[in-house]
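Understanding the architecture of this molecule
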Amino acid sequence: MSILVIAEHDNAELKGATLNTIAAAKAIGGDIEVLVAGSGCGAVAEAAAKVEGVSKVLAADNAAYEHQLAENVAKLVADLGKNYSHVLAPATTTGKNMLPRAAALLDVQPISDIIAVESPDTFKRPIYAGNVIATVQSSDAIKVISVRTTAFDAVAAEGGSAAVESVDIADDAGVSKFVGEELAESDRPELTAAKVVISGGRGMQNGDNFELLYKVADKLGAAVGASRAAVDAGFVPNDMQVGQTGKIVAPDLYIAVGISGAIQHLAGMKDSKVIVAINKDEEAPIFSVADYGLVADLFDAVPELETKL
Amino acid sequence: MKVLVAVKRVVDYNVKVRPKADGTDVDTANVKMSINPFCEIAVEEAVRLKEKGVVSEIVAVSMGPKQCQEQIRTALALGADRGIQVETDAELQPLAVAKCLKAIVDKEEPQLVILGKQSIDGDNNQTGQMLAALAGMGQGTFASEVNVADGSVKVTREVDGGLQTVELTLPAVVTTDLRLNEPRYASLPNIMKAKKKPLDTTTPEDLGVDIAPRTKTLKVEPPAERQAGIKVADVAELVEKLKSEAKVI
Ligand SMILES: Cc1cc2nc3c(=O)[nH]c(=O)nc-3n(C[C@H](O)[C@H](O)[C@H](O)COP(=O)(O)OP(=O)(O)OC[C@H]3O[C@@H](n4cnc5c(N)ncnc54)[C@H](O)[C@@H]3O)c2cc1C
Ligand SMILES: Cc1cc2nc3c(=O)[nH]c(=O)nc-3n(C[C@H](O)[C@H](O)[C@H](O)COP(=O)(O)OP(=O)(O)OC[C@H]3O[C@@H](n4cnc5c(N)ncnc54)[C@H](O)[C@@H]3O)c2cc1C
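Throughout what follows, the structure given in this document is the object of discussion.

Criteria and cut-off values
Residues numbered from 1 in each chain as written. Chains lettered and ligands numbered in written order. Predicted model: local features only at pLDDT ≥ 70, side-chain atom pairs only at ≥ 80, totals over all residues. Heavy atoms only, no water. Near = heavy atom within 4 Å. Polar contact = N/O pair within 3.5 Å; in protein donor to acceptor, adjacent residues only side chain to side chain. Nonpolar A, V, L, I, M, F, W, Y, C, P; charged D, E, K, R; others polar. Pairing = 2+ DSSP bridges. Helix = DSSP H or I, 4+ residues; strand = E, 2+ residues; numbered from the N terminus. Axes fitted to C-alpha atoms, helices over the stretch in contact; angles between N-to-C directions. Buried < 20%, exposed > 50% of the residue type's maximum accessible area, 1.4 Å probe, protein only. Parallel < 35°, antiparallel > 145°, perpendicular 65-115°, else oblique. Left-handed = near helix turned anticlockwise from the far one by under 90°. Contact = heavy atoms within 4.5 Å.

So, about the site of ligand 2. With respect to spatial proximity, 28 residues lie near ligand 2, and among them Lys8(B), Met63(B), Ser119(B), Gln126(B) and Thr127(B) are the closest. With respect to ligand 2, its neighbouring residues span chains A and B. Here an oxygen atom of ligand 2 sits 2.4 Å away from a polar atom, N or O, in the side chain of Lys8(B). Note that an oxygen atom of ligand 2 is positioned 2.7 Å from one of the side-chain N or O atoms of Thr127(B). For the shell around ligand 2, the per-class residue count stands at 12 nonpolar, 12 polar and 4 charged.

Here the focus is the sheet that holds strand β16 (residues 292–295) of chain A. Across the sheet, which stays open at both edges, the 6 strands sit in the order β13(A)-β12(A)-β14(A)-β15(A)-β16(A)-β13(B) with parallel pairing between neighbours. Each end of this open sheet is capped by a strand with a single partner; those strands are β13 (223–226) of chain A together with β13 (230–232) of chain B. Each neighbouring strand pair of the sheet contributes to a mean axis angle of 25 degrees, computed without reference to strand direction. Here 5 bridges tie strand β14 (residues 253–257) of chain A to strand β15 (residues 274–279) of chain A, and the two strands are oriented parallel to one another. When the sheet's bridge partners are listed, Ile255(A) is paired in β15(A) with Val276(A).

All names here are of chain B. Counting through the fold element by element, valine 43 comes out in helix α1 (residues 37–51). For valine 43, a relative accessible area of 1% translates into the label buried. Residues valine 43 and lysine 243, 200 residues apart in the sequence, show an inter-C-alpha distance of 50 Å.

When two helices pack together, their arrangement is given by the angle between their axes and by how far apart the axes lie. All names here are of chain A. The interhelical angle for the contact between helix α5 (residues 210–220) and helix α8 (residues 298–308), taken along N-to-C directions, is 25 degrees, at an axis separation of 9 Å. What the angle tells us is that α5 and α8 run roughly parallel. Between α5 and α8 the crossing geometry is left-handed. Across the interface between the two elements, Leu212, Leu213, Lys215, Val216 and Lys219 from α5 touch Leu298, Phe299, Val302, Pro303, Leu305, Glu306 and Thr307 from α8.

Nothing here speaks to function; it is all geometry.
Here is the structure:
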């Protein structure tokens with residue numbers, strides 16, 4: 001078996017999600033090769049070559065791949081993917097955008113968001129907002145799989161010494177163009193990789209009050225998340241949403257503040273090791289998953305928490 | 001221009017589904033079914049484009065058993081002009097759905113196809129991307145803003161790091177994220193009118209599509225249950241527990 005892992009990167013840095021995806025590839029077993037498709041992404045390819053367990057890095061360095069446009073990258077992945085038994089990408093927005101497109105070009109039914117490998121053709125994945133875990137077996141010749149990164153412990157970023165081979169395919173489908181992006185700037189850790197996450201919900205009342213959470217976060221080295229209600233109300237930007245349709249997190253500690261605990265929110269955080277809930281309503285469903293529940297007004301409890309840390 | 005919208009019949013988002021005791025399937029007997037929330041947003045976006053004069057006709061498509069006509073009628077009540085049902089009682093996987101939609105796209109030649117980004121039952125997040133691949137169209141997935149200008153569409157996408165904007169040549173595929181719009185409620189007169197709007201049915205065989213499943217669900221099971229923990233009396237006790245019991249800070 002040979003597995004092609006699609007690297008997640010921004011042309012400058014190899015993202016941690018790639019290491020979790022390589023861990024899933026290891027669980028499947030076989031030769032692991034990594035594709036770095038980008039523009040001016042030489043440093044990323046070098047970093048990928050050092051990752052433990054990688055046998056070869058394919059570097060497709062071309063302007064067509066600069067912004068990870070799915071139309072172009074999927075074509076490349078389908079061209080290369082034919083030679084592998086498995087094609088894996090992290091279930092990030094980039095992976096979820098590109099991978100099904102590549103799968104369709106290969107006439108394969110992809111398997112989304114796997115959380116466990118049972119055998120080379122059988123995987124577990126959550127459905128219905130994580131209320132059900134399905135074990136699915138693929139009969140396609142090539143398995144095309146996106147990986148829920150929080151379900152696999154990252155492999156070591158160092159220790160490997162794979163060769164880097166450049167790939168001379170410039171797939172430009174010519175139907176899409178990158179216009180621009182607004183990326184959130186933050187000195188705090190990335191939500192999906194943080195050891196501690198503190199999230200606020202509608203109970204925060206407004207965006208300014210999130211300052212209370214930022215203060216606690218800075219003491220704990222935590223990332224800050226939010227419920228959909230908080231995002232929809234415009235308190236904070238969309239990239240902070242945790243849940244079924246937002247980001248999936250599984251930190252050592254998750255602190256939910258002013259969040260009721262709708263199943264769609266729980267779907268994004270219930271695999272956290274320790275969950276703390278602060279809510280003034282003792283009946284709030286969030287308490288049914290919390291290891292430590294504090295029934296209190298958040299405007300008293302959060303500032304007090306900050307001073308006691 | 002013409003827009004095609006895909007609408008899926010799913011278990012209502014308020015229902016907490018459970019696996020059947022024998023682990024063969026999800027228990028959906030007698031549960032409330034609705035239009036997938038993301039598909040409702042897709043219909044709303046099409047209707048708004050029509051209200052702006054950008055779109056002239058909206059065709060709503062659903063695949064599945066007879067009952068999915070209810071969801072097509074919902075789309076018609078929200079403002080779609082006509083419906084197409086691809087009738088089958090067989091299990092449909094996203095690749096098969098995408099192939100059926102591709103066959104309909106070939107016939108109807110819409111300039112824009114709008115789908116939900118994911119359905120809340122399968123949670124696959126695949127169909128739109130696969131349709132775009134098969135039809136050779138550009139894809140604007142996870143859209144929070146859609147602007148059609150002549151010959152192209154600009155789509156602002158919700159991505160992990162924030163927002164990204166792409167421009168696609170028409171015809172193109174768009175999949176909706178939650179913040180694209182807030183769907184309206186269908187009024188009673190519109191629900192009545194929807195009953196008279198045309199709804200054609202076809203089948204995967206008529207469309208020449210092989211829908212044989214490529215994956216098999218071997219088992220479904222509930223996730224590991226989390227035990228509810230304890231209530232702490234105050235912040236001091238919370239900090240103490242996190243330090244000495246949970247050892248996470
Ligand atoms: C298709 C679909 C997808 C969805 N995806 C997501 C998703 O990915 N993520 C997500 O989060 N949601 C998602 N939702 C929305 C979800 O159903 C809930 O509406 C949402 O999670 C509620 O957010 P909340 O808990 O902040 O707000 P609410 O439910 O309004 O809860 C606010 C809580 O704050 C408490 N509170 C208020 N004031 C205080 C105070 N002063 N001190 C302490 N506590 C206080 C209240 O007691 C209450 O429990 C989705 C919904 C749908 C239909
Ligand atoms: C254990 C199990 C058993 C199942 N058994 C059956 C079964 O017997 N019969 C059955 O029909 N399904 C069955 N399903 C569901 C089926 O597998 C999913 O419907 C299928 O995988 C489609 O995935 P998705 O909707 O998550 O696609 P996604 O890619 O998440 O859907 C995205 C968008 O595509 C469009 N779309 C998707 N499907 C349709 C559709 N049918 N019509 C119109 N638009 C659509 C919608 O716009 C939707 O928002 C079963 C699922 C499981 C887990």
